[in-house]
Amino acid sequence: MPELLNLDAVDTDGAIHEAIFQTVNDTRADFLRKGLVGGGSLIAAGAFLGVPNAFGAPSKKNDVAILNYALTLEYLEAAFYNEAVASGALSGDTLAFAKVVQDHENAHVSFLKKTLGSAAVKQPKFDFQGTTKNQAKFQATAYVLENTGVAAYSGQATLIKQAAVVKAAVSILTVEARHAGWIGAIIDKAPAPRRFDRAQSMKQILAAVKGTGFITA
């Protein structure tokens, strides 16, 4: 994928160009939750798109904000795969991919929610604008979303204070990267298109997510 969120190469008919912008270790989740600073959500479901690029020096408070940022992205992905699998529009390798990734993304949501406890943001409402009900559109959208997830996690890695939180984020990052390679192979895109991946800042990712129009409330 030449640039993040560039669908020109995969959305050949332009149908979605405007729209696009299992279980985890309980002990780790419990440990993380005890170490995090509570005090309410730092990224409200309806306002997280206005979050600034940086929260300041690494701190436990910032770790909460970063994990809520990750949770919002995981909510988006989980809802996308849940709707696509339920639609009955997918078949073959694409359906097999979607079912596996559906399980992964829902596990990521559960893990992050348990980790954050009462500080976790609520799930927004979504409108995927038909991209879950057509196999070609689903493939193109999944390819973009998975590569976006990789860039998002990469962009926050050096901003996390607690080692346990870093380990948790990296354990999700590597799985997202495998998803990206898998869907890339299905649609005949290079599974590993470059020698080095490009991290993206929170500001860049949130602007791109806002541009999809997928989050409605």
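Please read these numbers as outputs of a predicted model, since none were measured by experiment.

J.: Which residues make up the overall build of the protein chain, and what are the values?
T.: Scanning the protein chain from N- to C-terminus turns up six helices and zero strands. Walking the protein chain from its N terminus toward its C terminus, one meets helices and strands in the order α-α-α-α-α-α. Every one of the 217 residues in the protein chain was classed for burial, and the buried ones make up 48%. A total of about 10,200 Å² of accessible surface is found on the protein chain, and carbon and sulfur atoms cover 52% of it.

J.: Any details on the packing of helix H2 (residues 60–87) against helix H6 (residues 202–212)? Residues and values, ideally.
T.: Axis separation between H2 and H6 bottoms out at 12 Å; the angle between their running directions is 30°. In terms of orientation, H2 and H6 fall into the roughly parallel class. At the point where H2 passes H6, the crossing takes the left-handed sense. Counting all contacts with H2, which are made through Tyr 69, Leu 73 and Leu 76, the residues of H6 involved are Met 202, Ile 205, Leu 206 and Val 209. Residue composition of the contact of H2 with H6, grouped by class: seven nonpolar, no polar and no charged.

J.: How would you sum up helix H4 (residues 135–156)? Please name residues and give values.
T.: Over its 22 residues, H4 extends 32 Å from the first C-alpha to the last, a length consistent with the 32 Å expected when each residue adds 1.5 Å. Taken across its 22 residues, H4 has 18 buried, putting it largely inside the fold. Capping the start of H4, Asn 134 holds a side-chain oxygen 3.1 Å from the backbone nitrogen of Ala 136, two or three residues further along.

J.: I'd like a rundown of the pattern of salt bridges, residues and numbers included.
T.: Taken as a whole and judged by the stated rule, the model has one salt bridge. Taking the shortest distance from any N to any O, the salt bridge between Asp 197 and Arg 194 comes out at 3.7 Å.

J.: So what about unusual backbone geometry? Which residues, and what values?
T.: Phi angles above zero are rare outside glycine, and Gln 129 is one such case at about 55°. On the accessibility criterion, Gln 129 (37% relative accessible area) is partly exposed. Unusually for a residue other than glycine, Asp 188 sits at a positive phi of about 65°. Take Asp 188: it is sitting in the loop between helix H5 (163–186) and H6. Judged by its relative accessible area of 72%, Asp 188 is exposed.

J.: Could you give an account of the packing of helix H3 (residues 92–116) against H5, with specific residues and numbers?
T.: At their nearest, the axes of H3 and H5 sit 11 Å apart, and the two run at 165° to each other. The angle between the axes of H3 and H5 places the two elements in the roughly antiparallel class. For the crossing formed where H3 meets H5, the hand is left-handed. Every residue of H5 that contacts H3 at Asp 93, Thr 94, Ala 96, Phe 97, Val 100, Val 101, His 104, Glu 105, His 108, Phe 111 and Leu 112 is listed here: Ala 168, Ile 172, Val 175, Glu 176, His 179, Trp 182, Ile 183 and Ile 186.

J.: Explain the nonpolar core residue by residue, including any values.
T.: Leu 71, Tyr 81, Leu 112 and Phe 138 are the most contacted members of the largest nonpolar core, which totals 49 residues. Broken down by element, the residue count for this core peaks at 14 residues, all from H2. Leaving out residues up to four positions away in the same chain, Tyr 81 has contacts with Phe 97, Ala 98, Val 101, Gln 102, Glu 105, Phe 138, Ala 142 and Glu 146.

J.: Can you lay out empty space enclosed by the protein for me, pointing to particular residues and giving the numbers?
T.: Of the volumes computed, that of the largest cavity is approximately 110 Å³. The wall of the largest cavity is formed by 15 residues, among which Ile 66, Leu 67, Ala 70, Tyr 153 and Ala 169 lie closest to the centre. Elements supplying a minimum of two residues to the lining of the largest cavity: H2, H3, H4 and H5. If one sorts the elements of the lining of the largest cavity by residue count, H2 sits on top with five residues. The residue makeup of the lining of the largest cavity, split by class, is 14 nonpolar, one polar and no charged.

J.: An account of H5 is needed here, citing residue identities and associated values.
T.: The terminal C-alpha atoms of H5 lie 35 Å apart, and with 24 residues this matches the ideal 34 Å at 1.5 Å per residue to within 8%. Along H5, the residues that are buried comprise Ala 164, Val 165, Ala 168, Ala 169, Ile 172, Leu 173, Glu 176, His 179, Ala 180, Gly 181, Ile 183 and Gly 184. Of the residues trailing H5, Asp 188 is marked for its positive phi of about 65°.

Calculation criteria
Residues numbered from 1 in each chain as written. Predicted model: local features only at pLDDT ≥ 70, side-chain atom pairs only at ≥ 80, totals over all residues. Heavy atoms only, no water. Helix = DSSP H or I, 4+ residues; strand = E, 2+ residues; numbered from the N terminus. Buried < 20%, exposed > 50% of the residue type's maximum accessible area, 1.4 Å probe, protein only. Areas by Shrake-Rupley, 256 points an atom, 1.4 Å probe, with all protein chains shown as cover. Axes fitted to C-alpha atoms, helices over the stretch in contact; angles between N-to-C directions. Parallel < 35°, antiparallel > 145°, perpendicular 65-115°, else oblique. Left-handed = near helix turned anticlockwise from the far one by under 90°. Contact = heavy atoms within 4.5 Å. Nonpolar A, V, L, I, M, F, W, Y, C, P; charged D, E, K, R; others polar. Expected span 1.5 Å × (residues − 1). Polar contact = N/O pair within 3.5 Å; in protein donor to acceptor, adjacent residues only side chain to side chain. Salt bridge = Lys/Arg side-chain N within 4 Å of Asp/Glu carboxyl O. Core = buried A, V, L, I, M, F, W, Y, C linked by side-chain atoms within 4.5 Å. 1 Å grid on protein atoms, 1.4 Å probe; cavity = no way out; pocket = protein on both sides within 12 Å on 5 of 7 lines; lining within 4 Å. Points joined across faces, edges and corners; volume = space filled by probe spheres on them.

In short, the description is geometric, and any link to function would need to be established separately.
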